[in-house]
Amino acid sequence: MITVLVCGGGNGAHVCAGLAASHDDVTARVLTMFEDEAERWTAAMGQEGLHIAVRHSGSEPSTVIGKPAYVTKDPAEAMKPNVDLIVITVPSFAHEQYLKALKPYVRAGMTIVGCPGRAGFDFAVRSIIGEISAELSIMNFESLPWACRISEFGQSADVLGVKDTLAGAVQKSKSADGKLDPTAAFQKVLGDYPKLLTRGHLLGVTLSPTNGCIHPEILYGQWKDWDGKPVAKPPLFYNGLDEETAHLISGVSDEVLATAKAIMEQRPNVDLSNVEHIFQWYLRTYPDDIGDKSTLYTTIRTNKAYTGLIHPCTKTDDEQYLPNFRYRYITEDLPYGLTVLKGIAEIAGVPTPKMDHVIEWAQEKIGKSFIVNGKLTGSDLNITRCPQRYGFNTLDGILGMSK
Ligand code: NAI
């Protein structure tokens, strides 16, 4: 029997809790600390449990029913003995709140999963949980396993698509010896799909934060020369990409790969072969959606999964549009994405002129200071997940080998 604690109250948390609870040999609980979600979820769920409508390509749509044992806002109740797997499935800005709340109850041998954990999840776990984190298994996945939406809060959710595979990495606890392997345990919770592919060092997932490599760069490409006047309609975000911006995205990705290479040269026993170029990432992630796979530029422009997605904008009184820079493409993808990559590169001794350029432009748009003269010494590092913010200033520190 596996006991899983799902942390969160959003789309992913509903699906994860429902699927987990549908297995006879899995007990699921939910911890949601946001507003009155726990009370609302408990009241809405009643005796019925969660109905999860699943559409997976190649299979008939099906409905999975599962009832979590309970939904609570109290971390002590959530962590009553025997939790094996803690799955954190909230947007990155909320991770810290859960890690701090769970810290007193975390025990050696447990597994903490960031799904998605995104860049710097490993740093946040080690820093917040402290010494005992060496006795935990830590897993980080690049994304959520599904495209999903709540249909009725606390009652039902729609899985619009299931990924075939989900890439991640695990740092296994020695205390987990003899227990179910962390990847196998999480696979059991999710069911047959996506197939979890965990390989390489945990840092490899932090070095694969695709959003940080794509979103601020596309905003920069579109608006760097903007004259400040409203535009007639919001430009297409991905499908409207120009070649110069595709080069920039590729260049940032090259800097990430150079960072991984530099780390492996300095620590030959560390496997960062799980860090891939953004072009490879697209080909792997969207095998059936891309019309023209010849270059990164054509790949992004012809990706059907992006059809109709536009730049975040606000409407003016006369029905025109202004770019909205205070959107997660900067507010999250800078502190939980690009600045983390920059921080790791700085420690690895790799120059990052392209990242620096984008960070300098984007930080100003949200009134923050992360880098100054190409160094991560800005006054707002405390809102990022770059390693320096947690006091990890060496290669061994970022690799979890020492502080
Ligand atoms: P969501 O938008 O449904 O999450 C909302 C939940 O986050 C809330 O219900 C609440 O529990 C928590 N939350 C919101 N504001 C909070 C605050 N100020 N303090 C504390 N908690 C707060 O997120 P979703 O859709 O479950 O996605 C989770 C992560 O997975 C996100 O990072 C998202 O970008 C990513 N993702 C989601 C996909 C989807 O189809 N839903 C697909 C791929 C990735």
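Residues numbered from 1 in each chain as written. Predicted model: local features only at pLDDT ≥ 70, side-chain atom pairs only at ≥ 80, totals over all residues. Heavy atoms only, no water.

Draft legend 1. Spatial organisation of the domain arrangement of the chain. As far as domains go, the chain holds domain 1 (2-199) and domain 2 (206-398). Listed by partner, the interface residues are 19 residues for domain 1 and 19 residues for domain 2. A combined buried area of about 1,700 Å² lies between domain 1 and domain 2, and 47% of that area is made up of carbon and sulfur atoms. A salt bridge links R284 to E142; the shortest N-O distance between them is 3.1 Å. On the surface where domain 1 and domain 2 come into contact, there are eleven residue pairs in polar contact (both at pLDDT 80 or more). Within the residue set of the side of domain 1 that touches domain 2, elements represented by two or more residues are helix 4 (95-102), helix 5 (121-129) and strand 11 (165-171). Among the elements that line the side of domain 1 that touches domain 2, the one with the most residues is helix 5, at six residues. Along the lines of polarity and charge, the residues of the side of domain 1 that touches domain 2 split into seven nonpolar, six polar and six charged. (Domains from an automatic or database assignment. Contact = heavy atoms within 4.5 Å. Buried area = accessible area lost by both parts, 1.4 Å probe. Salt bridge = Lys/Arg side-chain N within 4 Å of Asp/Glu carboxyl O. Polar contact = N/O pair within 3.5 Å; in protein donor to acceptor, adjacent residues only side chain to side chain. Helix = DSSP H or I, 4+ residues; strand = E, 2+ residues; numbered from the N terminus. Nonpolar A, V, L, I, M, F, W, Y, C, P; charged D, E, K, R; others polar.)

Draft legend 2. Layout of the sheet that holds strand 4 (residues 62-66). Taken together, the four strands give an open sheet; going across it, the order is 4-3-10-9, and neighbouring strands pair in mixed fashion. The open sheet is flanked by strand 4 and strand 9 (146-152), the only strands paired with a single partner. The sheet shows a mean angle of 25° between the axes of neighbouring strands, direction not considered. Summarising the sheet, strand 9 and strand 10 (residues 156-162) pair through six bridges and their orientation is antiparallel. Along strand 10, the bridge assignment pairs C148 with V159. Contacts from helix 1 (residues 11-21) reach strand 3 (50-54), strand 4, strand 9 and strand 10, with the element oriented near 90° to strand 9. (Pairing = 2+ DSSP bridges. Axes fitted to C-alpha atoms, helices over the stretch in contact; angles between N-to-C directions.)

Draft legend 3. Highlighting the sheet that holds strand 7 (residues 111-114). In spatial order, the strands read 5-2-1-6-7-8-11-12; together these eight strands make up an open sheet with mixed pairing. At either margin of the open sheet sits one strand with a lone partner, and together these are strand 5 (70-72) and strand 12 (195-198). Neighbour-to-neighbour, the strand axes of this sheet turn through a mean angle of 25°, independent of strand direction. Of the strand pairs in this sheet, strand 2 (residues 26-31) and strand 5 are connected by three bridges, and their pairing is parallel. For L31, the partnering residue across the bridge sits in strand 5 and is T72. Against the sheet, helix 6 (residues 182-190) makes contact with strand 1 (2-7), strand 2, strand 6 (85-88), strand 7, strand 8 (137-141), strand 11 and strand 12, and its axis sits at roughly 160° relative to strand 12, the strand it touches most.

Draft legend 4. Highlighting the site of the ligand. Neighbouring the ligand are 20 residues, the closest being G9, N11, G12, E37 and C148. Within the backbone of G9, an N or O atom sits 3.0 Å from an oxygen atom of the ligand. Measuring from an oxygen atom of the ligand, one finds a backbone N or O atom of G10 at 3.4 Å. Contributing elements (two or more residues each) for the shell around the ligand: helix 1 and strand 9. (Near = heavy atom within 4 Å.)

Draft legend 5. Examining the environment of E360 more closely. By secondary structure assignment, the location of E360 is in helix 14 (residues 353-365). Owing to a relative accessible area of 36%, E360 belongs among the partly exposed residues under this scheme. For the pair E360 and T384, spaced 24 residues apart in the sequence, the C-alpha separation amounts to 15 Å. Beyond its immediate sequence surroundings of up to four residues, E360 is in contact with I371 and G374. (Buried < 20%, exposed > 50% of the residue type's maximum accessible area, 1.4 Å probe, protein only.)

Draft legend 6. Fine view of the layout of surface pockets. Roughly 280 Å³ of internal volume is contained in the second largest pocket. For the second largest pocket, the lining is made up of 16 residues, of which V54, V162, L190, D192 and Y193 are closest to its centre. Mapped by element, the contributors of at least two residues to the lining of the second largest pocket are strand 4 and strand 10. (1 Å grid on protein atoms, 1.4 Å probe; cavity = no way out; pocket = protein on both sides within 12 Å on 5 of 7 lines; lining within 4 Å. Points joined across faces, edges and corners; volume = space filled by probe spheres on them.)

Draft legend 7. The UniProt feature "domain: Opine dehydrogenase" (unreviewed entry) in the chain, seen in detail. The feature "domain: Opine dehydrogenase" (unreviewed entry), as annotated in UniProt, sits at residues 200-364 in this numbering. A helix fraction of 53% and a strand fraction of 4% characterise residues 200-364, whose end C-alpha atoms lie 35 Å from each other. (UniProt positions renumbered as here; feature names shortened; annotations may be inferred.)

Draft legend 8. Layout of helix 10 (residues 278-285). Buried within helix 10 are the following residues: I278, F279, W281 and Y282. Buried residues of helix 10, seen end-on, are gathered within an arc of 160° and therefore sit on one face of the element. Tucked inside the fold, the buried residues of helix 10 contact helix 8 (210-223), helix 9 (243-266) and helix 11 (296-301). (Arc of directions from axis to C-beta.)

Draft legend 9. Representation of the state of the cysteines within the structure. Counting across every chain of the model gives zero disulfides. The structure places no disulfide on C7, whose sulfur is separated from the nearest cysteine sulfur, that of C16, by 9.8 Å. A disulfide-free cysteine, C16 has its sulfur positioned 6.8 Å from the sulfur of C115, the nearest such atom. (Disulfide = S-S within 2.5 Å.)

Draft legend 10. Quick peek at the nonpolar core. Residues I86, L207, I263, Y282 and I398 are the most contacted members of the largest nonpolar core, which totals 87 residues. Summarising the domain contributions, this core has at least three residues from each of domain 1 (2-199) and domain 2 (206-398). Aside from chain neighbours lying at most four places away, what touches L207 is V256, T259, A260, I263, L272, V275, L341 and I344. (Core = buried A, V, L, I, M, F, W, Y, C linked by side-chain atoms within 4.5 Å.)

Draft legend 11. The side chain of E332, seen in detail. Relative to the assigned elements, E332 resides in the loop between helix 12 (328-331) and helix 13 (334-348). The contacts of E332, once residues within four sequence positions are left out, are F93 and G337.

Draft legend 12. Focus on helix 5. Most of helix 5 sits out of view: eight of its nine residues are buried. Buried within helix 5 we find F121, D122, F123, A124, V125, R126, I128 and I129.

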